[in-house]
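An overview of the molecular structure
Here is how the chains run, residue by residue.
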Amino acid sequence: MSELRFLGGKGGVGKTTLAAAIGLREARRGLRTLVVSTDPAHSLGDVLGTGLGEEPREVVPGLWAAEISGRGQARRRVEQIVADAADAVPREVLPAVRAHLERAVDSPGTVEAALLDRLTELVERVPADFDRLVVDSAPTGHMLRLLTLPELVTPWIEGLAGQRRRSRDTDRMFAGMLGRGEETPDPLLARLHARRDRMAALHRRLRTDAEVNLVVVPERVVWAETVRALDVLGGAGIAAGAAVVNRVVPAGETGLLGARRVAQTEVLDAVRARFGATVEVPLLPEGPTGPDALGTVIDILVDAGW
Ligand SMILES: Nc1ncnc2c1ncn2[C@@H]1O[C@H](COP(=O)(O)OP(=O)(O)OP(=O)(O)O)[C@@H](O)[C@H]1O
Ligand SMILES: [Mg+2]
């Protein structure tokens, strides 16, 4: 069982339901488990039947849950930078600094980078505080972007650090010419290096300690998206674990459900052929919410050897 598990798949296929059920399963096994939703349209709290926030909260013994947001993280970062700047810039400039940073919170890329930072903080708490982390992701494209971001940002940060080093070298050269050549520490460069190292470590961990469980409902369009996701994961060196086939119509149904079952068979065969291991969850009369109702799904996971 991987320490870090991401539930991925097309919109509405059952990622949140499965993330909650897997989290409960791991907790019942005695593992300190954190389930975290990174989907801006959070529904993990609804599925677990409880309110959730940014900080992990123990919802049943051994299971913690949180709903994290890039925007919240970016806002906290702005407060921190404004507080740091208060000592460094003249007081009359501070409102302009704050206004600039607040606009930056909504700029493209900021929110996703902040979400990645927040997720990194939680990943770093495994295994010290939690034995397992289960991530309830946003639909496919968002999850793939989040998983491939550490690799993309590492050279970008390296580039920023390079620029910073060059500008420091120029400053030092002029300072030397003026006879003021002493070495001073550069907190900005130190912070860039620390960030680069954290992203590089996350990138490594995603390839060694993580797996993605793709959730599929047996429909052609869903399967086509899943196959593309598998290619991206393969290219990124991230393991695709067992697939979860959700809302499988039980054999022996007649009428409309029977016709659906026939239509599902072709995709079911393709999923079984492509994945070494699958877990199949039947179409239930009602979407399971709350630890008791999720028991049906947990029993299926246990039967499948999870
Ligand atoms: N096996 C099932 N049988 C019946 N209903 C189900 C089943 N699995 C999930 N559902 C219901 O389907 C709906 C979508 O499930 P869920 O929210 O888990 O999907 P999701 O992939 O997380 O969606 P999103 O992409 O919007 O985050 C929910 O109402 C859920 O209760
Ligand atoms: Mg969801």
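Below you will find a few notes about this structure. (Residues numbered from 1 in each chain as written. Chains lettered and ligands numbered in written order. Predicted model: local features only at pLDDT ≥ 70, side-chain atom pairs only at ≥ 80, totals over all residues. Heavy atoms only, no water.)

**Here's the deal with the overall build of the protein**
A tally of helices and strands in the protein yields 11 helices and 9 strands. Among the 306 residues that make up the protein, the fraction classed as buried is 45%. Of the roughly 15,200 Å² of accessible surface on the protein, a fraction of 56% belongs to carbon and sulfur atoms. With 39 positive and 42 negative side-chain charges, the protein shows a spacing of 3 Å between the two charge centroids. (Helix = DSSP H or I, 4+ residues; strand = E, 2+ residues; numbered from the N terminus. Buried < 20%, exposed > 50% of the residue type's maximum accessible area, 1.4 Å probe, protein only. Areas by Shrake-Rupley, 256 points an atom, 1.4 Å probe, with all protein chains shown as cover. Lys, Arg positive; Asp, Glu negative; His and termini not counted. Charge placed at Lys NZ, Arg CZ, Asp CG, Glu CD.)

**So, the layout of surface pockets**
For the largest pocket, the calculated volume is near 1,200 Å³. Those elements giving two or more residues to the lining of the largest pocket turn out to be α3 (70-88), α4 (94-105), α5 (110-123), α6 (140-177) and α7 (187-208). Considered as a void within the structure, the second largest pocket measures approximately 270 Å³ in volume. Residue lining of the second largest pocket: 17 residues in total, with Thr38, Pro40, Glu112, Leu115 and His142 positioned closest to the centre. (1 Å grid on protein atoms, 1.4 Å probe; cavity = no way out; pocket = protein on both sides within 12 Å on 5 of 7 lines; lining within 4 Å. Points joined across faces, edges and corners; volume = space filled by probe spheres on them.)

**Observations regarding the site of ligand 1**
With respect to spatial proximity, 16 residues lie near ligand 1, and among them Gly12, Lys15, Thr16, Thr17 and Asn246 are the closest. Within the side chain of Thr16, one N or O atom sits 2.7 Å away from an oxygen atom of ligand 1. At a separation of 2.8 Å, a nitrogen atom of ligand 1 approaches a polar side-chain atom of Asn246. Coverage of ligand 1 by the protein amounts to 76% of the 640 Å² it exposes when considered alone. (Near = heavy atom within 4 Å. Polar contact = N/O pair within 3.5 Å; in protein donor to acceptor, adjacent residues only side chain to side chain.)

**Section: the environment of Ser137**
Looking at the secondary structure, you find Ser137 in the loop between β5 (132-136) and α6. The class for Ser137 is buried, based on a relative accessible area of 3%. In contact with Ser137, not counting residues within four places along its chain, are Phe6, Leu7, Lys15, Thr38, Asp39 and Met143. In terms of polar contacts, Ser137 uses its side chain to reach the backbone carbonyl oxygen of Leu7, at 3.2 Å. (Contact = heavy atoms within 4.5 Å.)

**Regarding the packing of aromatic side chains**
The full count for this structure, using the stated rule, is 2 aromatic pairs. With 5.5 Å between their ring centres and 70° between their planes, Trp64 and Phe130 make a pair best called edge-to-face. Here the residue Trp64 occupies a position in strand β4 (residues 63-67), and Phe130 occupies one in the loop between α5 and β5, the gap between them amounting to 66 residues. Accessibility assignment for this pair places Trp64 and Phe130 in one class, buried. Aromatic side chains Trp223 and Phe275 sit 6.3 Å apart centroid to centroid with 55° between the ring planes, which places their arrangement in the tilted category. Highlighted residues: Trp223 in helix α8 (residues 220-236) and Phe275 in the loop between α9 (255-274) and β9 (278-282), separated in sequence by 52 residues. Here Trp223 matches Phe275 in class, with each residue buried. (Phe/Tyr/Trp six-rings, centres within 6.5 Å; stacked < 30°, edge-to-face > 60°.)

**Some remarks on the pairing of strand β3 (residues 57-60)**
For β3 and β4, the ladder comprises 3 bridges, and the chain directions are antiparallel. In the sheet register, Arg57 faces β4, and the bridge partner there is Ala65. Once β3 ends, the chain turns through 2 residues before running back antiparallel as β4, passing Gly62 with a positive phi of about 85°. (Pairing = 2+ DSSP bridges.)

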